[in-house]
Amino acid sequence: MAAFPKESYILRAFAASFMVALVIMILAGGLIHVFHYGLPLPPAFMLVLAAVSFILSSAFFEKHEVGSIIGSVMVSVIATAMLCALSGGFLYFATISDRPAEDLVSAMALAMILSMTLLSYLKRSLAEIEGY
């Protein structure tokens, strides 16, 4: 895998935008899969994912003394939903054949614009938080 030079800000920004856009596309495909075909994972496996993420988030919050059980429940629900959507997205994009490539390229371009906007906003927000 090729490594980008540290001083190449433009290439790093493009790579970050592309990776976040890819995740957005997979999550969107997963939501489409869930609403059209149902859950991509068996309920027992989703319960195991929820339990593991709950235990990990509880231990993390307890170690840093910042969270509660309610926060751990929220983290586990969000993590389980994201993992379910990611697996559904992989299934969706692996099984679609009737979509023209133009639609996927257009969706990827829009996701890249959205991801660069989100990354730029996040960078500004983190700079403000660290400034205080």
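Further up the page is the structure itself.
Residues numbered from 1 in each chain as written. Predicted model: local features only at pLDDT ≥ 70, side-chain atom pairs only at ≥ 80, totals over all residues. Heavy atoms only, no water.

Novice: I tried to follow the overall build of the protein on my own but got confused; where do I start?
Specialist: A count of helices and strands for the protein gives four helices and zero strands. Counted from the first residue to the last, the protein has its helices and strands arranged as α-α-α-α. Over its C-alpha atoms the protein spans a radius of gyration of 18 Å, topping by over 25% the 14 Å that the globule rule assigns to 132 residues. With the C-alpha coordinates of the protein rotated into their principal frame, the extents come out at 45 × 45 × 25 Å. Long-range contacts, defined as pairs at least 24 residues apart, comprise 71% of the intrachain contacts of the protein with a sequence gap of at least 6. Here the protein has roughly 9800 Å² of accessible surface; of this, 75% comes from carbon and sulfur atoms. Across the protein, the mean location of the 6 positive side-chain charges is 7 Å away from that of the 8 negative side-chain charges. (Helix = DSSP H or I, 4+ residues; strand = E, 2+ residues; numbered from the N terminus. Rg over C-alpha atoms; globule rule 2.2 N^0.38 Å. Contact = heavy atoms within 4.5 Å. Areas by Shrake-Rupley, 256 points an atom, 1.4 Å probe, with all protein chains shown as cover. Lys, Arg positive; Asp, Glu negative; His and termini not counted. Charge placed at Lys NZ, Arg CZ, Asp CG, Glu CD.)

Novice: Got a minute to help me understand the side chain of Ser-72 in this structure?
Specialist: Within the secondary structure, Ser-72 is located in helix 3 (residues 69–95). Judged by relative accessible area, Ser-72 falls into the buried class, the value being 1%. Not counting chain neighbours up to four residues away, the residues in contact with Ser-72 comprise Phe-54, Ser-57, Ser-58 and Phe-61. (Buried < 20%, exposed > 50% of the residue type's maximum accessible area, 1.4 Å probe, protein only.)

Novice: How should I be thinking about the nonpolar core in this particular structure?
Specialist: Most often, soluble globular proteins have nonpolar side chains that are buried together. The biggest cluster of nonpolar side chains holds five residues, and these are Ala-21, Met-25, Met-108, Ala-111 and Met-112. Going through the elements one at a time, helix 1 (9–37) and helix 4 (101–131) are the ones with two or more residues in this core. Those residues in contact with Met-108 that sit more than four places away from it in its chain are Phe-18, Ala-21, Leu-22 and Met-25. (Core = buried A, V, L, I, M, F, W, Y, C linked by side-chain atoms within 4.5 Å.)

Novice: How should I be thinking about the packing of helix 2 (residues 43–64) against helix 3 in this particular structure?
Specialist: The geometry of a pair of packed helices is captured by two quantities: the angle between their axes and the separation between those axes. Axis separation between helix 2 and helix 3 bottoms out at 8 Å; the angle between their running directions is 140°. On the basis of their axis angle, the class for helix 2 and helix 3 is oblique. Handedness of the crossing formed by helix 2 with helix 3: right-handed. For the pair helix 2 and helix 3, the contacting residues are Met-46, Leu-49, Ala-50, Ser-53, Phe-54, Ser-57, Ser-58 and Phe-61 in the first and Ile-69, Gly-71, Ser-72, Val-73, Val-75, Ser-76, Ala-79, Thr-80, Leu-83 and Cys-84 in the second. Across the contact of helix 2 with helix 3, the residue classes break down as 11 nonpolar, seven polar and no charged. (Axes fitted to C-alpha atoms, helices over the stretch in contact; angles between N-to-C directions. Parallel < 35°, antiparallel > 145°, perpendicular 65-115°, else oblique. Left-handed = near helix turned anticlockwise from the far one by under 90°. Nonpolar A, V, L, I, M, F, W, Y, C, P; charged D, E, K, R; others polar.)

Novice: Looking at this structure, I do not really get the packing of helix 1 against helix 3. What am I missing?
Specialist: Where helix 1 contacts helix 3, the axes come no closer than 6 Å and their chain directions differ by 85°. In terms of orientation, helix 1 and helix 3 fall into the roughly perpendicular class. Two secondary-structure elements touch here, helix 1 through Met-25, Ile-26, Leu-27, Gly-29, Gly-30, Ile-32, His-33 and Val-34 and helix 3 through Met-82, Cys-84, Ala-85, Leu-86, Gly-88, Gly-89, Phe-90, Leu-91, Tyr-92 and Phe-93.

Novice: Got a minute to help me understand the environment of Leu-41 in this structure?
Specialist: Residue position: Leu-41 is located in the loop between helix 1 and helix 2. On the basis of relative accessible area, Leu-41 is assigned to the buried category, the value being 16%. Beyond its immediate chain neighbours, meaning those up to four positions away, Leu-41 contacts Met-46, Leu-49, Leu-83, Cys-84 and Ser-87.

Novice: Would you mind showing me how to read the packing of aromatic side chains here?
Specialist: Aromatic rings considered in pairs are described by the distance between their centres and by the relative angle of their planes. If you walk through the whole model with that rule in mind, you get three aromatic pairs. Geometrically, the ring pair formed by Phe-14 and Phe-18 is stacked, given 6.4 Å between the ring centres and 25° between the ring planes. Taken together, the residues span about one helical turn, with Phe-14 and Phe-18 both in helix 1 at a distance of four residues. (Phe/Tyr/Trp six-rings, centres within 6.5 Å; stacked < 30°, edge-to-face > 60°.)

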